[in-house]
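Observations on chain architecture
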Amino acid sequence: MAERPEDLNLPNAVITRIIKEALPDGVNISKEARSAISRAASVFVLYATSCANNFAMKGKRKTLNASDVLSAMEEMEFQRFVTPLKEALEAYRRELKGKKEASEQKKKDKDKKTDSEEQDKSRDEDNDEDEERLEEEEQNEEEEVDN
């Protein structure tokens, strides 16, 4: 757990970016207001985490999951955020699935390439052995002719 209350604050850069994205162009915000929003966001995150943890504990789990967070949002009376959160979660899962499939395809392609390279190497070794055998046979024939 955090040793100081300041340790629980969200990073200022993140808060500033969120504020800039939410406000229209040309609107400025004071440092004091940014600090207040940062503290409020941190308190909200801690409260939501605490509520979600209660749902996990009721389920006799130590790991919070998405359904715990969604249930916590409803319990905190933020129902209007549940649908957008579910949509964002589905988009995130689709993105992860796409990345996983791309990674698996890349691995398969790499394995195929490796197999192909191994076959080429094996062929090259076989060809080298054949050449050596032919050279030996030629030398043996030359030696027989010389004898």
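- You'll find the protein chain entered in an unreviewed UniProt entry as DNA polymerase epsilon subunit 3, with Ovis ammon polii given as the organism.
- Among the UniProt annotations of the protein chain, the heading Subcellular location (unreviewed entry) holds the following wording: "Nucleus".

1. A closer look at the overall build of the protein chain
- Scanning the protein chain for helices and strands turns up 4 helices and 0 strands.
- Each helix (α) and strand (β) of the protein chain, taken in turn from the N terminus, gives the series α-α-α-α.
- Looking at the protein chain residue by residue over its 147 residues, the buried ones come to 10%.
- About 12,700 Å² of surface is accessible on the protein chain, with carbon and sulfur atoms providing 50% of the total.

2. A closer look at the pattern of salt bridges
- In the structure shown here, the tally under the stated rule is 3 salt bridges.
- Note that Asp68 is salt-bridged to Arg61, the shortest N-O span being 2.8 Å.
- A relative accessible area of 29% means that Arg61 is categorised as partly exposed.
- The closest approach of N and O atoms between Glu95 and Lys99, which form a salt bridge, is 3.3 Å. In this pair, Glu95 and Lys99 both sit in helix 4 (residues 82-146), 4 residues apart, roughly one turn of the helix.
- Lys99 gets classed as exposed once you look at its relative accessible area, which sits at 51%.

3. Notes on the side chain of Ser38
- By secondary structure assignment, the location of Ser38 is in helix 2 (residues 31-58).
- With residues up to four places along the chain from it excluded, the contact list for Ser38 reads Asn9, Leu10, Asn12 and Ile15.

4. Focus on unusual backbone geometry
- Of note in the backbone geometry, Lys60 takes a positive phi value of approximately 55 degrees without being a glycine.
- One non-glycine residue, Glu77, lies in the positive phi region at around 65 degrees.
- Of note, Glu77 is situated in the loop between helix 3 (66-75) and helix 4.

5. A closer look at the packing of aromatic side chains
- Counting across every chain of the model gives 2 aromatic pairs.
- Relative to Phe78, the ring of Phe44 lies with its centre 5.4 Å away and its plane at 80 degrees, an arrangement referred to as edge-to-face. Linking Phe44 in helix 2 with Phe78 in the loop between helix 3 and helix 4, this pair joins segments that are 34 residues apart in sequence.
- Take Phe44: its relative accessible area is 32%, and that puts it in the partly exposed class.
- Taking relative accessible area as the criterion, Phe78 reaches 29% and is therefore assigned partly exposed.

Thresholds, definitions, all that
Numbers given for residues are sequential positions, taken from 1 along each chain in its written order. In keeping with the predicted nature of the model, local features appear solely for residues at pLDDT of at least 70, side-chain atom pairs appear and are counted solely at 80 or more, and the whole-chain, interface and lining totals rest on all residues. To get the side-chain values, take all heavy atoms of the structure and skip hydrogens and water. UniProt positions are given in the numbering used here, feature names are shortened, and annotations may be inferred rather than shown by experiment. Counting from the N terminus, the helices are the DSSP runs of H or I reaching at least four residues and the strands are the DSSP runs of E reaching at least two. Note on classification: 1.4 Å probe, protein chains only; a residue is buried when its accessible area is under 20% of the maximum for its type, exposed when over 50%, partly exposed between these limits. Only the protein chains shown count as cover for residues, and all accessible areas are computed by the Shrake-Rupley method using a 1.4 Å probe. Within this document, salt bridges are pairs made up of a side-chain nitrogen of Lys or Arg and a carboxyl oxygen of Asp or Glu, the two lying within 4 Å of each other. Any two residues whose heavy atoms approach within 4.5 Å at even a single point are treated as in contact. Working definition: rings of Phe, Tyr and Trp (its six-membered ring) pair if their centres are within 6.5 Å, and the pair is stacked with planes under 30 degrees apart, edge-to-face with planes over 60 apart, and tilted otherwise.

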